[in-house]
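Descriptive analysis of the structure
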Amino acid sequence: MKEMGVIVLLLLHSFFYVSLCFNDGLLPNGDFELGPRHSDMKGTQVINITAIPNWELSGFVEYIPSGHKQGDMILVVPKGAFAVRLGNEASIKQKISVKKGSYYSITFSAARTCAQDERLNVSVAPHHAVMPIQTVYSSSGWDLYSWAFKAQSDYADIVIHNPGVEEDPACGPLIDGVAMRALFPPRPTNKNILKNGGFEEGPWVLPNISSGVLIPPNSIDDHSPLPGWMVESLKAVKYIDSDHFSVPQGRRAVELVAGKESAVAQVVRTIPGKTYVLSFAVGDASNACAGSMIVEAFAGKDTIKVPYESKGKGGFKRSSLRFVAVSGRTRVMFYSTFYAMRNDDFSSLCGPVIDDVKLLSARRP
């Protein structure tokens, strides 16, 4: 009987664990539509640390309805009716069950309010990253950001923290739409030496939000939300999907939105003296990003400039670079020569799209 009781307890524990396992998408109440009771509020400030369902709060956290007026500014929520604002040294935290050793990407919407130099510290211990949000990539003021981590245990405490100190404690970034996706880092194949050359593996894209997801620079990210690739630049690159943009191949692609300050790269194993062919597609995202564009592709010491005349309505062309490897490791990199702005919105950065990147050894003629 005692053994039977142990078995039942183990089964119940297994059921409980499985029932808590996270599915890709919004975190529980990740859109903050379930809010605090009126008795837990003082104006817009939340005064009970557990008042917002599924979240634990710390510091000066506000629950902001869409259309809330702050001075001469009206605060707009990108989706739904509510968001949270993090004041000085404030944070929100949620515990999620994960698989130890696996990789995950967090996606969230953020908008600055008062300060020009607002930042966010995103962490899952022992990993963390301070992400600057002063560069606004879309005219709405809201951008989708991504960050990745490797799970060190079966649970992850996801923390989004405002490290800023402003004169007005209510100043701080707005947060909404917190989501997560499990990442499965791809491997090279006999059809492509590059990993994730089609960019199909990447962060969660929130449905019905057409801004794309920013992949932060490698300098502030221990693990890339775009498996296989590094963002080797001062600015982010944008991860786009076929539901909202024109994509040359498959369902995902990368938009180089900040000229030479927005670059993606990957280091691959090569055999010195052997000839390789790097092929890729260059296009536009059908987001009114029109004009003359140039994508510069690099493979080791070799380079090619690919011009593309964009009408801002979608389309792409293919190009390739043939080179001889000079070492056992070759760096493949792409960036846009010029900055570009959407012709229907002169405050939104845009640029050429790259996709379907392949690297293969060339056969001798």
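As a starting point, this report considers the structure included with it.

Definitions and limits used
- Residues numbered from 1 in each chain as written.
- Predicted model: local features only at pLDDT ≥ 70, side-chain atom pairs only at ≥ 80, totals over all residues.
- Heavy atoms only, no water.
- Helix = DSSP H or I, 4+ residues; strand = E, 2+ residues; numbered from the N terminus.
- Rg over C-alpha atoms; globule rule 2.2 N^0.38 Å.
- Areas by Shrake-Rupley, 256 points an atom, 1.4 Å probe, with all protein chains shown as cover.
- Lys, Arg positive; Asp, Glu negative; His and termini not counted.
- Charge placed at Lys NZ, Arg CZ, Asp CG, Glu CD.
- Pairing = 2+ DSSP bridges.
- Core = buried A, V, L, I, M, F, W, Y, C linked by side-chain atoms within 4.5 Å.
- Buried < 20%, exposed > 50% of the residue type's maximum accessible area, 1.4 Å probe, protein only.
- Contact = heavy atoms within 4.5 Å.
- Disulfide = S-S within 2.5 Å.
- Phe/Tyr/Trp six-rings, centres within 6.5 Å; stacked < 30°, edge-to-face > 60°.
- Salt bridge = Lys/Arg side-chain N within 4 Å of Asp/Glu carboxyl O.
- Patch = residues over 30% accessible without salt bridge, like charges linked within 9 Å, V, L, I, M, F, W, Y side chains within 5 Å.
- Axes fitted to C-alpha atoms, helices over the stretch in contact; angles between N-to-C directions.

The subject of this paragraph is the overall build of the chain. Looking only at helices and strands, one finds one helix and 28 strands in the chain. Taken over C-alpha atoms, the radius of gyration comes to 23 Å for the chain, in line with the 21 Å a tight globule of 365 residues would show. The principal-axis extents of the C-alpha atoms in the chain amount to approximately 75 × 70 × 30 Å. Summed over all atoms, the accessible surface of the chain reaches about 17,400 Å², with 55% contributed by carbon and sulfur. Charge separation in the chain, taken as the distance between the mean sites of 37 positive and 35 negative side-chain charges, equals 11 Å.

A separate point is the sheet that holds strand β20 (residues 263-269). Spatial strand order, β17-β20-β25-β22-β23: five strands in an open sheet with antiparallel pairing. Of all the strands in the sheet, just β17 (230-231) and β23 (302-311) have a single pairing partner and so form its edges.

Core analysis: the largest hydrophobic core is formed by 43 residues, its most contacted members being Phe-108, Ile-175 and Met-180. When neighbours within four sequence positions are excluded, Met-180 is seen to be in contact with Phe-22, Asp-24, Gly-25, Leu-27, Ile-96, Val-98, Tyr-104, Ser-105, Ile-106, Phe-149, Ile-158 and Trp-204. Judged by nonpolar contacts, the second largest core, of 39 residues, contains Val-205, Val-282, Val-306 and Ala-340.

Attention shifts here to the state of the cysteines. Tallied over the entire structure, the rule returns one disulfide. Shown here is the disulfide that connects Cys-289 with Cys-350, its sulfur atoms set 2.1 Å apart. Because the sign of the S-S torsion sets the handedness, a value of about 80 degrees for the bond joining Cys-289 and Cys-350 places this disulfide among the right-handed ones. One end of the pair, Cys-289, is in the loop between β21 (275-284) and β22 (290-299); the other, Cys-350, is in strand β27 (residues 345-350), with 61 residues separating them in the sequence. On the accessibility criterion, Cys-289 (0% relative accessible area) is buried. Cys-350 gets classed as buried once you look at its relative accessible area, which sits at 1%.

Here we come to the packing of aromatic side chains. The geometry of an aromatic ring pair is captured by the separation of the ring centres together with the interplanar angle, meaning the angle of the planes. Under the definition given, this model contains nine aromatic pairs. Ring geometry for Phe-108 against Tyr-145: centres 5.9 Å apart, planes inclined by 20 degrees, an arrangement best described as stacked. Here the residue Phe-108 occupies a position in strand β10 (residues 103-111), and Tyr-145 occupies one in strand β13 (residues 143-150), the gap between them amounting to 37 residues. One exposure class covers both Phe-108 and Tyr-145, and it is buried. Between Trp-147 and Phe-149 the ring centres are 5.9 Å apart and the planes differ by 25 degrees, which places this aromatic pair in the stacked class. For the residue pair Trp-147 and Phe-149, the accessibility class agrees, reading buried in each case.

A word on unusual backbone geometry. Geometrically, the link from Ala-125 to Pro-126 is a cis peptide bond, its omega value of 5 degrees lying close to zero. Looking at the element boundaries, Pro-126 is found in the loop between β11 (119-124) and β12 (127-132). Here Asn-29, not a glycine, exhibits a phi torsion of approximately 55 degrees, which is positive. Topologically, Asn-29 is positioned in the loop between β1 (25-26) and β2 (41-42). Residue Asn-29 is classed as buried on the basis of its relative accessible area of 9%. Phi is positive for Asn-208, close to 65 degrees, though the residue is something other than glycine. By the element assignment, Asn-208 lies in the loop between β15 (174-183) and β16 (213-215). On the basis of relative accessible area, Asn-208 is assigned to the exposed category, the value being 67%.

Across all of its chains, the model carries eight salt bridges by this definition. Lys-93 is the salt-bridge partner of Glu-56, the closest N and O atoms lying 4.0 Å from each other. Pair noted here: Glu-56 is in strand β4 (residues 56-58) and Lys-93 is in strand β9 (residues 91-97), with a separation of 37 residues, a long-range link. Given the relative accessible area of 38%, Glu-56 is considered partly exposed. The shortest N-O distance in the salt bridge between Asp-157 and Lys-95 comes to 3.3 Å.

This next bit is on the environment of Arg-187. Inspection of the secondary structure assignment puts Arg-187 in the loop between β15 and β16. Judged by relative accessible area, which is 69%, Arg-187 ranks as exposed. Sequence-wise, Arg-187 and Gly-228 are 41 residues apart; in three dimensions their C-alpha atoms are separated by 8.4 Å.

For Asp-355, the location among the structural elements is in strand β28 (residues 353-361). Despite its burial, Asp-355 remains without a salt bridge, the nearest opposite charge being carried by Arg-318 at 7.3 Å.

This brings us to a negative patch on the surface. Taken together, the side chains of Asp-117, Glu-166, Glu-167 and Asp-168 present a region of like negative charge at the surface. Mapped onto the elements of the fold, Asp-168 is located in the loop between β14 (155-161) and β15.

The next thing to look at is the sheet that holds β11. What the five strands build is an open sheet, ordered β4-β9-β14-β11-β12; its pairing is antiparallel. Each edge of the open sheet carries a strand with a single partner, namely β4 and β12. Taking each pair of neighbouring strands and ignoring which way they run, the sheet shows an average axis angle of 20 degrees.

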